[in-house]
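# Coordinates in review
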Amino acid sequence: MKKRIILLTAILSVLMLFTSCVRTVPVNTQAKSSESINVPYEPRPVPDFQRAWEYCIYNDYLFAKVGNTIKYQKLNNIQDSGFSLSDKSTDNSSGNLGIFGHFMKFLVDVDATNNNNGSPVLIITHSESLFDIITKKSKLVSTILLFNTATQKLETIQSNIPESIWDMVLYKDYIFYVTQEADNGLVIHRINKDGTGYQRMESDAPHRYRIATVHEDKLYFYADDFKEIYRCDLNFKNTERLFEITGSEMIPFAHGEYIYYCKVNRNITIRDVTYRSPDLYRRKISDWENSEELLFKNAYASRTYGDIMIYYLYDDMTGDHKNTYEFNVLNAYDLANSKNLGCIYINDDHSFDRQCEYLGDGYGCGKYCTFDIKTKKYYIDQNKTFLINIETGEETIIQW
């Protein structure tokens, strides 16, 4: 009898161990039926820095902002349409909290997800328009939310944030974000993930501050439309101006010992259309005054979320790829090894816009677009996403 009890206890222990090592991504059965998703899960390394965007790749799942909600697709089993991540109502008129909304950005909190048996935990920005009974005007109010996909539990990290949130990044246990303030321009704020320790960056004059990156316990930010690069401590103390850049439209970012950025040095004309042509540079953070290095001329780079930088060369459009248009030739650069991977994709169908970001796990992602040759403008299809495999160059158009 005692042997049977010991054997039964051992079997139950094995089953409990297996159950704790599987990941479940919930499916909104009201929106679309699907097989349950349970796969072995290995904890992922926790990155120091993550930036919220409208897309996120995590363990072979692509999450995307679609309208006023978040949907997902499994990359090795893409369906005709995506699955809703939450079964919560987004209809405020019914009295339920509309957890997703305008100006929404999100990221997967890897540390919290590792502690949640692999079921993604998302940090989400949400904005909604409310009517002020005193001023009798509508005002935009934002909230930062924590959403557990396993329990469908929604928690508020910070509420009643005036206006919309422009940027949001996660560094260790700190959330940094940017809001528009009427009298102060764009302002950077910080709050802990548990909703404590709120701080606001103070300034003696209005500026348009945006977050570049957080690197080795230093916040890097730029001011007044990419013109100057600054850094400070995580508590906004000891601010120092690093260097000036000219006319760049690229968000600077740091990787390893370098900070990457663009400067616009000239205009070029292609088929009677004039473009501001930037050059792509980098500097060593430890010696930023004397280490400026030109990587590529006539180049623009997207933001990066890993070891790969996606960039575009204007020269390609005047050479062998003369039938392509702005930002239709994708190139890649290995940041970890300082190695140029060259052209990875040429799209003569003009089906993505210039913000094709590297999301990690070997994939670049962007909004699906069509290009009108007559108007020379892109038109975004909100229900489609362009996905590119960096290694193979294979494209996938995902429908939501």
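Data block above holds the structure.
Our subject in this report is the structure included herewith. (Residues numbered from 1 in each chain as written. Predicted model: local features only at pLDDT ≥ 70, side-chain atom pairs only at ≥ 80, totals over all residues. Heavy atoms only, no water.)

## Quick word on the side chain of Q158
Quick note on the threshold: Strands are runs of DSSP state E lasting at least two residues, helices are runs of H or I lasting at least four, and both sets are numbered from the N terminus onward. N or O atoms within 3.5 Å of each other form a polar contact, as long as, within protein, one can give a hydrogen and the other can take it, and as long as residues adjacent in sequence are counted only when both atoms are side-chain atoms. By the convention used here, residues are in contact when the closest approach between their heavy atoms is within 4.5 Å.
Turning to its location among the elements, Q158 is positioned in strand β11 (residues 153-162). Within the structure, Q158 has its side chain in polar contact with the side chain of Y177 (distance 2.8 Å). With sequence-adjacent residues up to four places away left out, Q158 is seen in contact with S142, T143, I144, Y177, I191 and Y198.

## Side note on the pairing of strand β6 (residues 69-74)
Spelled out, the test is: Only protein chains enter the area calculation, which uses a 1.4 Å probe; residues under 20% of their type maximum are buried, those over 50% are exposed, and those in between are partly exposed. Only strands that DSSP links by at least two bridges are regarded as paired with each other.
Burial runs high along β6: six of the six residues are buried. Side-chain alternation along β6 places T69, K71 and Q73 on one buried face and I70, Y72 and K74 on a second face that is also buried. One ladder, built from six bridges, connects strand β5 (residues 61-66) with β6; its direction is antiparallel. Bridge pairing in β6 places A64 opposite K71.

## Structural notes on the packing of aromatic side chains
Remark: the centre distance and the inter-plane angle together describe each pair of aromatic rings, the angle taken between the planes. Rules: The rule is short: rings of Phe, Tyr and Trp, with Trp giving its six-membered ring, pair when the centres are within 6.5 Å, and they are stacked under 30 degrees, edge-to-face over 60, tilted in between.
Applying the stated criterion across every chain, the model contains 17 aromatic pairs. Aromatic pair Y209 and Y230: ring centres 6.4 Å apart, planes at 75 degrees, arrangement edge-to-face. Of the two residues, Y209 sits in strand β16 (residues 207-215) while Y230 sits in strand β18 (residues 228-233), which places them 21 residues apart along the sequence. Summarising the burial analysis for this pair, Y209 and Y230 share the class buried. Aromatic side chains Y258 and Y260 sit 6.2 Å apart centroid to centroid with 55 degrees between the ring planes, which places their arrangement in the tilted category. Taken together, the aromatic side chains of Y61, F63, Y72 and F83 make up a single cluster linked through ring pairs.

## Examining the sheet that holds strand β24 (residues 299-301)
Sheet strands line up and pair through hydrogen bonds in the backbone, either parallel or antiparallel. Operational definition: Angles run from 0 to 180 degrees between N-to-C directions of axes, and those axes are lines fitted to C-alpha atoms, restricted for helices to the stretch in contact.
Judged by pairing direction, the sheet is antiparallel, and its four strands sit side by side in the order β24-β25-β26-β27 without closing on themselves. Edge positions in the sheet fall to β24 and β27 (339-346), since each has one partner strand and no second. Adjacent strand axes in the sheet meet at a mean angle of 30 degrees when their direction is disregarded. Taken together, the six bridges between strand β26 (residues 329-334) and β27 define a ladder with antiparallel strand orientation. By the bridge assignment for β27, A332 is matched with G342.

## Let's talk about unusual backbone geometry
At K172, a position not held by glycine, the phi torsion is positive, near 55 degrees. With respect to the element layout, K172 can be found in the loop between β12 (165-171) and β13 (174-181). For S338, which is not glycine, the phi dihedral falls at a positive 50 degrees. With respect to the helices, strands and loops of the structure, S338 is situated in the loop between β26 and β27.

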